Each structure stands twice: as structure tokens, then as C-alpha cells.
Amino acid sequence: MIDPRFTVVGIGNAIVDVLAYADDQFIIENDLIKGTMSLVDEAEAEIIYSKMDKGVECSGGSAANTIAALASLGSSGAFIGKVKDDKLGKVFHDDITLLGITFKTAANTDGLSTARCMIHVTPDAQRTMQTFLGASSNLGPEDIDESIISDAKVTYLEGYLWDPDLAKQAFRKAAKTAESAGRLVALSLSDPFCVERHRVDFLDFVKNHVNILFANEEEIMSLYQLKDFDAAMEAVCADCDIAALTRGEKGSIAVRGDEVHIAKAEPVTKVVDTTGAGDAYAAGFLHGLTTDQPLNICARLGGICSAEIISHVGARPSVSLKNLIEEKIK
């Protein structure tokens, strides 16, 4: 097989993140559930945006964050996601291509504006998100560039994009294309509410198409409707080749068949903002996996990348992750 051009291609929502600090009262007054993501329409997005303190605006989206972190690690990446030909769409395009990431999905010329995610960071570093999916929800099977999918070691899919029917079709097309090319498929469950909404579809997709599954403790127990983490970990081993399960301050666990590798959480001076922690973990893990590292090292790399992200505001690396890894792992 010819060596692929890309290490990972990510498929997900193309979003501009708006991050701002908020207190618990703000969360209560706006009927939000701390630590979760909820979808809002354009009108709701405008209202909540007007209430937010001045914050940081930067390109985001779960899978896009993972591909950005992979670029910081020195891996080659591509991204497939939908924006509108508007100001925020240009911001997203310029941000991601500046990192050396291939992004060729055609922008919409009409319809909904480019997506944005309003992220409220509370003093306990929890992030509560309200997302207006906008143009990103129009991603469909016609946007899946089969040549890029076939030319990537891993196709990485974000669970957040599972809501629109066209996106489901796009995911299935991408997975089948990757399988036909002998490549790997990875999925992030993204959010416990995503799992609740799409459990049956997710289980079917994991069993039939997913080689590598990323989930946190709550998501994996929700997927299998189990209250015991160890039981959920055992269940997922029967459904996909590799599972990388994050557990916050308890670190993470990587499993493959009978292999179980526990990685401690990397030390952090102060947890500032957990936005993008899981995205960065996936990047570190996939970087390790695609460079033929053992699973315990993959989990460690994921932890190092995640620790860097939670030490500052924003979901993108503030330093070179490649250099950071070289410092941490001699």
C-alpha cells in the first residue's frame, strides 16, 4: 500500500468558538446545565452572545481542534467541514489552513451563517457550551472527498455532528471509503447528551465501522447503559479494536482486547479551562498510534496534550506540542 499523504482527516463541525468567563449565577439564570453542550438556533445565539462578557474568539469545533493539535505534533492533517462564505467562514478557513491543514470543502454561498459555539467557563474550569450549528449542519455525503479519505491513515469523526441526517450519511460514506482503502476509522462520542440522543445508532456504528473509540467515563457508561465503569470498559472491548477512555483527574485507560493500560493524569499547576481537553487527548493518542507507539505511550501522549490545553483559555495549543512531547518523554 502506498504511504498516505495524511496522518488523520477529521470530519466535524466547522465552528468559531467564543469563550468567556461566567459565574454560576449566569449558568442558573440562563437555564443551562453546567458541563454540557446544548444546541441553539440563530435567534437564541444572538441573545446569549449579547449577554456574554468580552472573551476570546477563535476557530474551533471538536474534530478541527484535534486536527489542529495533530498539526502542532508534526502530523499531517486534513479537515472536512462546512462554512458559509462570510466573515466567520473566512476566519475559520484562514485559521486552519495557516496551520498547514488541507481544507477544501466548498463554502455555502447562501443559507445559514457560519457556526459558532459560545463557551461559558466557570471558576471551577468547567465549560458549558451553547452551539449554533449554522452552515456546519449542511455537511452532506457530497462533501466527502473520497480521495482525501483514502489518502489518510485515520478518518476521525466527531459525535457532535451526528444530529443532522445528511451528516449521518456523510459519516457512513466516509467510513465505507476508509474501510475500502484499508484505513482506520475513529469516533469520538463527544458528549453524554449526544449518546443519549443517538445510542442505538452509535452502538451500530461502533460495532460495524469503528476501529478506535474515544469517550469519557460518563459517555461510555451511557453508551452501554451501565453504572459501572469497568463493566462498560469490558463491553466496549467486544465492539471495537481500541478504546481510549478518559477519566479527568484520574487519567485515562486504553484498552485493546485483553490489553489494559492505565495512564495517570499529567500534573497541571492550575486547571484554567477544560474546553478541548478531550480533543487534544485524541490528537496525542492518534499521533502515538500512527507512529507505531505502544498503547501505554499513546495514552501518555494524549494526557500530555490534554494537560497543556487545560492550563490556559482556549481549545488550541499555546505551545508546540511536538516540543512539549520531546521534553516530557526522553
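Keep in mind that what you see is a predicted model, and the values were worked out from it rather than measured.

Cut-offs applied
- Residues numbered from 1 in each chain as written.
- Predicted model: local features only at pLDDT ≥ 70, side-chain atom pairs only at ≥ 80, totals over all residues.
- Heavy atoms only, no water.
- Helix = DSSP H or I, 4+ residues; strand = E, 2+ residues; numbered from the N terminus.
- Buried < 20%, exposed > 50% of the residue type's maximum accessible area, 1.4 Å probe, protein only.
- Contact = heavy atoms within 4.5 Å.
- Core = buried A, V, L, I, M, F, W, Y, C linked by side-chain atoms within 4.5 Å.
- Pairing = 2+ DSSP bridges.
- Axes fitted to C-alpha atoms, helices over the stretch in contact; angles between N-to-C directions.
- Right-handed = clockwise from strand over helix to strand, strands pointing away.
- Arc of directions from axis to C-beta.
- Polar contact = N/O pair within 3.5 Å; in protein donor to acceptor, adjacent residues only side chain to side chain.

Chemist: Lay out the overall build of the protein chain in plain terms, naming residues and giving numbers.
Modeler: The number of helices and strands found in the protein chain is 12 helices and 14 strands. Overall, the C-alpha framework of the protein chain stretches about 50 × 40 × 40 Å when taken along its three principal axes. Out of the 330 residues in the protein chain, the part that is buried amounts to 58%. The long-range share in the protein chain, meaning contacts at least 24 apart out of those at least 6 apart in sequence, stands at 74%.

Chemist: Any details on the nonpolar core? Residues and values, ideally.
Modeler: In this structure, Ile 11, Leu 187, Leu 213, Ile 220 and Leu 223 are the most contacted members of the largest nonpolar core, which totals 54 residues. Each residue touching Ile 220, except ones within four places of it in the same chain, is listed here: Leu 213, Ala 215, Phe 229, Ala 232, Val 236 and Leu 245. Counting residues in each nonpolar core, the second largest holds 40 residues, with Val 83, Val 154, Ala 263 and Ala 299 among its members.

Chemist: Break down unusual backbone geometry for me, citing the residues and quoting the values.
Modeler: The phi dihedral of Ala 125 falls on the positive side, at around 75°, and the residue is not glycine. The residue Ala 125 is located in the loop between strand E7 (115-121) and strand E8 (127-132) in this model. With a phi close to 50°, Gln 225 is a non-glycine residue in the positive phi region. Summarising the element assignment, Gln 225 is placed in the loop between helix H8 (217-223) and helix H9 (229-237).

Chemist: Requested: an account of the pairing of strand E13 (residues 252-256), with residues and values cited.
Modeler: Counted residue by residue, E13 has 4 buried out of 5 residues, so it is predominantly covered. Between strand E12 (residues 242-246) and E13, which pair antiparallel in sequence order, lie 5 residues; one of them, Gly 248, sits at a positive phi of approximately 60°. Relative to strand E14 (residues 259-263), E13 runs antiparallel, the two being bridged by 5 bridges. Directly across from Val 255, in E14, lies its bridge partner Val 260. Where E13 hands over to E14, the hairpin turn is made up of 2 residues, of which Gly 257 adopts a positive phi near 60°.

Chemist: Can you explain the sheet that holds E13? Please cite residues and give values.
Modeler: Strand order in this open sheet of 9 strands is E6-E5-E1-E9-E10-E11-E12-E13-E14, and the pairing throughout is mixed. Strands at the two margins of the open sheet, each flanked by one partner only, are strand E6 (102-103) and E14. Sheet topology places strand E1 (residues 6-11) next to strand E5 (residues 77-80); 4 bridges connect them, and they run parallel. Of the residues in E5, the one forming a bridge with Ile 11 is Ile 80. Along the sheet, helix H7 (residues 192-209) makes contact with strand E9 (152-158), strand E10 (184-188) and strand E11 (212-216), crossing E10 at roughly 155°.

Chemist: How would you sum up the pairing of E10? Please name residues and give values.
Modeler: Within E10, 4 of the 5 residues are buried, which leaves it mostly tucked inside the rest of the structure. Pairing analysis gives 5 bridges linking E9 to E10, with the strands arranged parallel. When the sheet's bridge partners are listed, Val 154 is paired in E10 with Leu 184. The handedness of the E9 to E10 crossover, carried by helix H6 (residues 165-180), is right-handed. Taken together, the 3 bridges between E10 and E11 define a ladder with parallel strand orientation. Looking across to E11, one finds that Leu 187 is bridged to Leu 213. The handedness of the E10 to E11 crossover, carried by H7, is right-handed.

Chemist: So, helix H12 (residues 321-328): which residues are in play, and what are the values?
Modeler: Looking only at H12, the buried set comprises Leu 321, Leu 324 and Ile 325. Looking straight down H12, one finds its buried side chains confined to an arc of 100°; they lie on one side.

Chemist: Give a detailed account of the environment of Lys 90, specifying residues and quantitative values.
Modeler: On the secondary structure map, Lys 90 appears in helix H4 (residues 87-98). When the C-alpha positions of Lys 90 and Gly 278 are compared, they lie 26 Å apart, and in sequence the two are 188 residues distant.

Chemist: Can you tell me about the side chain of Ser 137, naming the residues and giving the values?
Modeler: Topologically, Ser 137 is positioned in the loop between E8 and helix H5 (146-150). Looking at Ser 137, its side chain comes within polar contact range of the main-chain oxygen of Gly 134, at 2.7 Å. Filtering out sequence-adjacent residues up to four positions away, Ser 137 remains in contact with Leu 112 and Pro 164.

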